[in-house]
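# An overview of the molecular structure
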Amino acid sequence: MDDVLFHKISETKDLFCFIVAGGGLWCVASPRATEAALQDGLNYACGQGGVDCSAIQAGGSCFNPDTLHDHASYAYNSYFQKDVAGSARCDFGGSGMLTRTDPSTATCKYPSTR
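Below you will find a few notes about this structure.

The rules behind the values
- Residues numbered from 1 in each chain as written.
- Predicted model: local features only at pLDDT ≥ 70, side-chain atom pairs only at ≥ 80, totals over all residues.
- Heavy atoms only, no water.
- Helix = DSSP H or I, 4+ residues; strand = E, 2+ residues; numbered from the N terminus.
- Buried < 20%, exposed > 50% of the residue type's maximum accessible area, 1.4 Å probe, protein only.
- Polar contact = N/O pair within 3.5 Å; in protein donor to acceptor, adjacent residues only side chain to side chain.
- Contact = heavy atoms within 4.5 Å.
- Phe/Tyr/Trp six-rings, centres within 6.5 Å; stacked < 30°, edge-to-face > 60°.

### Some remarks on the side chain of Thr99
Counting through the fold element by element, Thr99 comes out in strand E4 (residues 96–99). In this structure Thr99 comes out as buried when scored by relative accessible area, which is 17%. A distance of 3.0 Å separates the side chain of Thr99 from the backbone nitrogen of Thr101, its partner in a polar contact. Ignoring sequence-local partners within four residues, the contact set of Thr99 consists of Gly24, Leu25, Trp26 and Val28.

### A look at unusual backbone geometry
Look at the link from Asn64 to Pro65: it is a cis peptide, with omega at 0 degrees. With respect to the secondary-structure elements, Pro65 resides in the loop between helix H1 (35–46) and helix H2 (68–82). Even without a glycine there, the phi angle at Phe92 is positive, about 50 degrees. For Phe92, the position within the fold is in the loop between H2 and E4. Residue Phe92 is classed as buried on the basis of its relative accessible area, which comes to 13%.

### Digging into the packing of aromatic side chains
Counted by the stated rule, this structure contains 4 aromatic pairs. A centroid spacing of 5.7 Å and a plane angle of 70 degrees characterise the contact between Tyr44 and Tyr79, whose relative ring orientation is edge-to-face. Of the two residues, Tyr44 is situated in helix H1 and Tyr79 in helix H2; the sequence distance between them amounts to 35 residues. For Tyr44, a relative accessible area of 32% puts it in the partly exposed group. Tyr79 gets classed as buried once you look at its relative accessible area, which sits at 17%. For the pair Tyr79 and Phe92, a centre-to-centre distance of 5.5 Å together with 75 degrees between the ring planes defines the contact as edge-to-face. Taken as a pair, Tyr79 in helix H2 and Phe92 in the loop between H2 and E4 lie far apart in primary sequence, 13 residues in all. Through successive ring pairs, a cluster of aromatic residues spans Tyr44, Tyr76, Tyr79 and Phe92.

### What to know about the environment of Gly86
Here Gly86 shows up in the loop between H2 and E4. On a C-alpha basis, the gap between Gly86 and Thr113 in space is 9.5 Å, while along the polypeptide they are 27 residues apart.

### Here's the deal with the side chain of Asp83
Position of Asp83 relative to the elements: it lies in the loop between H2 and E4. Those residues in contact with Asp83, other than ones at most four positions away along the chain, are Ala88 and Arg114.

Following this line, the structure appears as structure tokens:
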């Protein structure tokens, strides 16, 4: 039987989503997130969060597509994956979400260590 992961999706209500374990797990930017929330999350991940964001800089392997959503997704996932102990959350002020769908492209690989 597959393991089931519980991810709390609300701090104010007891809402959880259930994710069947197996395969990869990525943290990406939510399509419903505002630009301000995405920018805040990107700034955190690439700053205080300690992520190497050189891949999403001009000329980097993950610069294209050159959108805030795609750059935030790369930074969110890099932050989430670098914590091998598994304590990092995919929240970013509500602008992050977990997915089992690999967001990698032909030129930009998103690692999955979970």
